[in-house]
Protein chains: 2
Amino acid sequence: MRGVLDIPEHLGVLQSAILDALSRVEARFDAQLASDLPPVDEMCRHVERYRGKMLRPTLVALCGAAVREDLGERLGSGDAGVITDDHIAAGAVCEMVHMATLVHDDVLDEAEIRRRGATVNSLRGNEQAVILGDYLIASAYELCSTFDSPIPARIVGRASTVMCAGELLQLHHRENASLDERTYFEILERKTAALIGAACELGALCTLGFDRTDHPAVGAVGRFGRQLGIAFQIQDDLLDLTGEESVVGKSVRKDLEKGKLTYPLIHHLAHADPRERGRTLRLIGSPSRAEDTRALREQLAETGSMDATRDTARRLVDEARIALTPLPEGPGLDMLRLMADAVVERSF
Amino acid sequence: MRGVLDIPEHLGVLQSAILDALSRVEARFDAQLASDLPPVDEMCRHVERYRGKMLRPTLVALCGAAVREDLGERLGSGDAGVITDDHIAAGAVCEMVHMATLVHDDVLDEAEIRRRGATVNSLRGNEQAVILGDYLIASAYELCSTFDSPIPARIVGRASTVMCAGELLQLHHRENASLDERTYFEILERKTAALIGAACELGALCTLGFDRTDHPAVGAVGRFGRQLGIAFQIQDDLLDLTGEESVVGKSVRKDLEKGKLTYPLIHHLAHADPRERGRTLRLIGSPSRAEDTRALREQLAETGSMDATRDTARRLVDEARIALTPLPEGPGLDMLRLMADAVVERSF
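So, here is what we can say about the structure in this document. (Residues numbered from 1 in each chain as written. Chains lettered and ligands numbered in written order. Predicted model: local features only at pLDDT ≥ 70, side-chain atom pairs only at ≥ 80, totals over all residues. Heavy atoms only, no water.)

All names here are of chain B. Across its 15 residues, helix α16 (residues 331–345) extends 21 Å between first and last C-alpha, which sits within 8% of the 21 Å expected from 1.5 Å per residue. When you tally the buried positions in α16, you get eleven out of 15 residues, the bulk of the element. What α16 keeps buried is the set P331, G332, L333, M335, L336, M339, A340, D341, A342, V343 and V344. If you follow the buried residues of α16, they end up packed against α1 (12–33), α3 (55–66), α4 (71–76), α9 (216–242) and α15 (305–323). (Helix = DSSP H or I, 4+ residues; strand = E, 2+ residues; numbered from the N terminus. Expected span 1.5 Å × (residues − 1). Buried < 20%, exposed > 50% of the residue type's maximum accessible area, 1.4 Å probe, protein only. Contact = heavy atoms within 4.5 Å.)

It is worth spelling out the nonpolar core at this point. With 236 residues, the main nonpolar core has L136(A), F224(A), L136(B) and F224(B) as its most contacted residues. Non-local contacts of L136(B), meaning those with residues more than four positions away in its chain, are made with F29(B), L33(B), V47(B), M96(B), M99(B), A100(B) and V103(B). (Core = buried A, V, L, I, M, F, W, Y, C linked by side-chain atoms within 4.5 Å.)

What follows covers the relation of the copies chain A and chain B. Relating one copy of the chain to the other requires a rotation about an axis plus a shift along that axis. Expressed as a screw transformation, the operator carrying chain A onto chain B has a rotation angle of 180° and an axial translation of 0.0 Å, and the superposed copies differ by an RMSD of 0.0 Å. The relationship between the two copies is best expressed as a two-fold rotation axis. Considering only C-alpha atoms, the residue of chain A closest to the rotation axis is P150(A), which sits at 2.3 Å. Most of the interface of chain A is mirrored in chain B, where 100% of its interface residues again form contacts. (Least-squares fit on C-alpha atoms with pLDDT ≥ 70 in both.)

To continue, consider the interface of chain A and chain B. It is common to report an interface's size as the accessible area lost on association of the parts. Taken residue by residue, the interface counts 41 residues in chain A and 41 residues in chain B. Summed over both partners, the interface of chain A with chain B comes to about 3,800 Å²; 70% of that surface belongs to carbon and sulfur atoms. On the chain A side of the interface with chain B, the three residues burying the most area are E127(A), I131(A) and L168(A), jointly 17% of the side's total. If you look at where chain A meets chain B, you find six salt bridges. The tally of links from chain A across to chain B stands at 16 residue pairs in polar contact (both at pLDDT 80 or more). Listed by contribution, the elements that provide at least two residues to the side of chain A that touches chain B are α2 (38–48), α5 (85–109), α6 (120–144), α7 (151–172) and α8 (181–208) of chain A. Broken down by element, the side of chain A that touches chain B gets its largest block of residues, 13 residues, from α7(A). A class-by-class count of the residues in the side of chain A that touches chain B yields 19 nonpolar, ten polar and twelve charged. (Buried area = accessible area lost by both parts, 1.4 Å probe. Salt bridge = Lys/Arg side-chain N within 4 Å of Asp/Glu carboxyl O. Polar contact = N/O pair within 3.5 Å; in protein donor to acceptor, adjacent residues only side chain to side chain. Nonpolar A, V, L, I, M, F, W, Y, C, P; charged D, E, K, R; others polar.)

Residues and elements named next belong to chain B. Relative orientation of the contacting elements helix α7 (residues 151–172) and helix α8 (residues 181–208) amounts to 165°, with a least axis distance of 7 Å. Comparing the axis directions of α7 and α8 gives the class roughly antiparallel. The handedness of the crossing between α7 and α8 comes out as left-handed. Residues I151, P152, I155, V156, A159, V162, M163, G166, E167, L169 and Q170 of α7 lie in contact with α8, whose contacting residues are E186, I187, R190, K191, A194, L195, A198, E201, L202 and L205. Class assignment for the residues of the contact of α7 with α8 results in 14 nonpolar, two polar and five charged. (Axes fitted to C-alpha atoms, helices over the stretch in contact; angles between N-to-C directions. Parallel < 35°, antiparallel > 145°, perpendicular 65-115°, else oblique. Left-handed = near helix turned anticlockwise from the far one by under 90°.)

The next point concerns the environment of L261(A). Residues and elements named next belong to chain A. Looking at the element boundaries, L261 is found in the loop between α11 (254–257) and α12 (263–271). On the basis of relative accessible area, L261 is assigned to the buried category, the value being 6%. Sequence spacing of L261 and M163 is 98 residues, and the spatial spacing of their C-alpha atoms is 18 Å. Leaving out residues up to four positions away in the same chain, L261 has contacts with N176, A177, L179, Y184, I266, L269 and I284.

A word on the packing of aromatic side chains. Each aromatic ring pair is summarised here by two numbers: the centre-to-centre distance and the angle between the ring planes. Applying the stated criterion to the full structure yields nine aromatic pairs over all chains. For the ring pair Y141(A) and Y141(B), a centre distance of 3.6 Å and an interplane angle of 20° mean the geometry is stacked. A residue pair is termed interchain when its members come from two chains, as with Y141(A) in helix α6 and Y141(B) in helix α6 (residues 120–144). The residues Y141(A) and Y141(B) share a single accessibility class, namely buried. An angle of 75° between the planes, with centres 5.3 Å apart, marks the rings of F147(A) and F210(A) as edge-to-face. One end of the pair, F147(A), is in the loop between α6 and α7; the other, F210(A), is in the loop between α8 and α9 (216–242), and 63 residues separate them in sequence. Residue classification places F147(A) among the buried positions, given a relative accessible area of 5%. By the ring-pair criterion, three or more aromatic residues cluster together here, those being Y184(A), F185(A) and Y263(A). (Phe/Tyr/Trp six-rings, centres within 6.5 Å; stacked < 30°, edge-to-face > 60°.)

Between α2(A) and α7(B), whose axes approach to 9 Å, the crossing angle comes to 95°. Relative to α7(B), the element α2(A) lies roughly perpendicular. Only A165(B), L168(B), L169(B) and H172(B) of α7(B) make contact with α2(A), whose side of the interface consists of P39(A), V40(A) and M43(A). Of the residues in the contact of α2(A) with α7(B), the class split is six nonpolar, one polar and no charged.

As structure tokens, this is what we get:
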């Protein structure tokens, strides 16, 4: 969103509204984390450096706008109120939950670089990283309970539980060289798709009213978000194998090193001949060396696994776009479609 | 509670109701954690072994009963409905949040024994322990959002944030040999007292209605819980220094080893002569050896620090009892007073 997309002229006003919303989310985020204890504040400053694409708050704001039947007219008449304080709070909540998982993920992955900065665990030790993650998640729930309705807390609580189960399932299958595609998708649906789907639903509900959970547009953006989330993660998998650290902005090839099988590798192992398969298996769980990475890329190319991965991500994006059918035509829907395409076109 | 207290005969019916409630809390707890994923279920079985005194669910149920004006009559007429499903859910929520902090604390403390069993981190690695803690906290929030009102989520979210800030403050002061009493109490108020106070308030609100946050009895049990919580922790500090692993049921003398200054040590360092002070300081942060522990106990006895610690815990318990003044006389109030006394009389 932020400078990622080439935005056609007719979406300029909506884009400005979203960018303005993201600034408000940042301010809300910081205000919620602020503490009267200097050591807490000091630690929270590390979180600022993790801030990235703000995909989830963007989706809260954009889905919130897109479900309005009269969005085009309201934007045309200069109505800046299409994104409300509820959308801002919900966006901050989703970003906090996401940040918490990043901080704890980096402990699990022993990662040293995230978004071009050293990770909390590498700078301050695992202990601070565990507590910082806990502080983020607690702050998210605290903020989420300030709504008049218990529905947002219910959606966020559910998504968080599902995410943790996904993390556990992933950990359980670490070093499992025969991980199949079905299980891999099961992990992604939980670990990544659930929160992104929840962000989209929350955005729609903040506009329509929290009692409208059965509104077709709510289901539609939820499905959109989940498919998009899986596509997003598959693109991440691809970048972990093919990306350069300086472009991606975080440690790459960590998946393989930590014995995590991702889509390209699962496809490769299913299609490689036994000798090649053996060669690839030896790389799983061992430290990444430049020459191995080059060899692996060649092996993946031979089985067409990179192309297959790109095709799968593309198919998921198409499904996400189709899920949007119940939404009213207008700038919101156009922008969501653009965002979906951007997910598979990014290199970072 | 469970076999800890000598209960006078007139409290027998209430005690049975509380014990019955604790069984229901256990069932609710297990049902909430149950997952369709076998690896998640398998990991949750580790949590069963952490189950201990169930102090927080006991307080939810007991405070819920104690704020009823007609408790004596209802118990007399055999009314088993004094503890409702809301109390059970709130009790399970508080226990889950507490368990989550235990699991993450054990990662931070590198503890190997908790409640007579090996800790999750020592058995399954820090990675599983971090995720298990996250799963517990997410499940707690999910359960907490099933109430009709957002108030329980607000109370639990707030208490969790305060707890994390307390953990951070404690970590910040690790190895700080000049930690003063004021900062020590500030840590306890956040790390321990907040959740126990919240458990008491939730219990009262489940009885009175969630919109009665300004009811005097709610404030009274909240204050009671916070004072009791601090007394409880100070008793824990004492047991960490004086207890035997086989009686306490968890790794002892870990506080000192990890450089955590507790009340007895803070008192000792403030009152010891320079030579003795130097001797004690050398023990902070170093592995505990049996001969050091014996020597330390003698040093603590010389400055009267053990007695001072017991006196402080006793004073806090007395303050907790005084806080209960707004509550109606009856078996609930009597039982709360008994529980308060039990906190400083326990050896485990």
